[in-house]
Amino acid sequence: MSYLIFTAIIAIALLFLYIRKRNTLTMDCIQDDNAKGKRIIMATQMSENEIKDAINGFIKLYEENGDKVDRPQVTQLEENSFMICLPDTTPYDLFCYWVNYLAHSDERKKYNNNITGWYEVSANAKLFPSKTLMIYVPETDTEHDNVYVTTKDNLCYKQEFAGDTALIPQEYVYRKYSGIPLNVAPY
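Note that this is a predicted model, so its numbers are computed, not measured.

Calculation rules
Residues numbered from 1 in each chain as written. Predicted model: local features only at pLDDT ≥ 70, side-chain atom pairs only at ≥ 80, totals over all residues. Heavy atoms only, no water. Helix = DSSP H or I, 4+ residues; strand = E, 2+ residues; numbered from the N terminus. Buried < 20%, exposed > 50% of the residue type's maximum accessible area, 1.4 Å probe, protein only. Salt bridge = Lys/Arg side-chain N within 4 Å of Asp/Glu carboxyl O. Expected span 1.5 Å × (residues − 1). pLDDT = per-residue confidence, 0-100. Contact = heavy atoms within 4.5 Å. Pairing = 2+ DSSP bridges.

S.K.: Teacher, can you tell me more about unusual backbone geometry here?
M.R.: With the exception of glycine, the majority of residues adopt a negative phi angle, and the majority of peptide bonds are in the trans configuration. Located in the positive-phi region is N80, a residue other than glycine, with phi close to 60°. Position of N80 relative to the elements: it lies in the loop between β3 (73-78) and β4 (81-85). Using a relative accessible area of 27% as the deciding quantity, one classes N80 as partly exposed. The backbone of N154 sits at a positive phi, close to 60°, despite the residue not being glycine. Locating N154 in the fold gives a position in the loop between β7 (146-150) and β8 (156-160).

Next comes the structure, spelled out in structure tokens:
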């Protein structure tokens, strides 16, 4: 009898995990390996040296793991305001890591409100096809291992990096969508 109860508990637990996994959105829903599009990050209230140090730190981190990351093109727009253009083939996950790393690049300062990225999604993506997503780390974030995504229609998602890299719908919009400022858009 105890064997049947134990088996039933295991079966229910596995069913629950299967349903949860099936209903979880992941980076794969957005990512398309052949995707090309705008990959822009705006950084404000950061000095030129802070931008250079953050970019060099990110590239070095990837090189230490045996990966190669292309150096982005950086354009200074005004004092302490920069546009960072990543190659238009930068995959979604790498773009999210860039935004997160820049926001947390200096352990003495928080740049959360100063970093905003825009990622143009491929028409082949399973979620948000042919849209531009605004990606950022809100000031309220304390986990340091995720970014938030706001769509053009102001739907907000939390993009986790750990585990399943879940994309979790949020009830609160941490930052309303704004498009790439036209006066700086390189495309």
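There is more to say, and it comes next.
S.K.: Looking at this structure, how should I read the pattern of salt bridges?
M.R.: Working definition: two side chains of opposite charge can pair if their charged atoms are close together. Counted according to the given criterion, the structure contains eight salt bridges. Among the salt bridges present, the one from K110 reaches E139, with a minimum N-O distance of 3.7 Å. Residue K110 is found in the loop between α3 (92-103) and β5 (115-120), and its partner E139 is found in the loop between β6 (132-136) and β7; the two are separated by 29 residues along the sequence. Notably, a salt bridge pairs K158 with E160, separated by 4.0 Å at the nearest N-O pair. K158 sits in the buried class, given a relative accessible area of 11%. Taking relative accessible area as the criterion, E160 reaches 26% and is therefore assigned partly exposed. What you see here is one network of salt bridges that share partners, running through E143, K158 and E160.

S.K.: Could you clarify how one ought to interpret α3 in this entry?
M.R.: The periodicity of an α-helix, 3.6 residues per turn, causes residues three or four places apart in sequence to face the same way. Compared with an ideal rise of 1.5 Å per residue, which puts 12 residues at 16 Å, α3 spans 17 Å between its outermost C-alpha atoms and is within 8% of the ideal. Burial analysis of α3 places nine of its 12 residues in the buried class, which makes it a mostly covered element. By the burial criterion, the buried members of α3 are Y92, L94, F95, C96, W98, V99, N100, L102 and A103.

S.K.: Honestly, the confidence of the model for the protein chain in this entry has me stumped. Any pointers?
M.R.: The predicted coordinates ought not to be read in detail in places where the model reports low pLDDT. Of all residues in the protein chain, 80% have pLDDT values of 70 or greater, and the mean over the chain is 83. Long-range and interchain partners of residues 11-23, a stretch whose pLDDT sits below 50, account for one contact in this model, where long-range means more than four residues apart.

S.K.: What exactly am I supposed to notice about the pairing of β4 here?
M.R.: Where a strand is regular, its side chains alternate between the two sheet faces. Within β4, five of the five residues are buried, leaving the element largely enclosed by the surrounding structure. The pairing of strand β2 (residues 39-44) with β4 spans five bridges and is classified as antiparallel. In the strand pairing of β4, T44 is matched with S81. Pairing between β3 and β4: five bridges, direction antiparallel. Across the sheet, V74 pairs through a bridge with I84, a residue of β4. Counting the residues that bridge the hairpin from β3 to β4 gives two residues, and of these N80 lies at a positive phi of roughly 60°.

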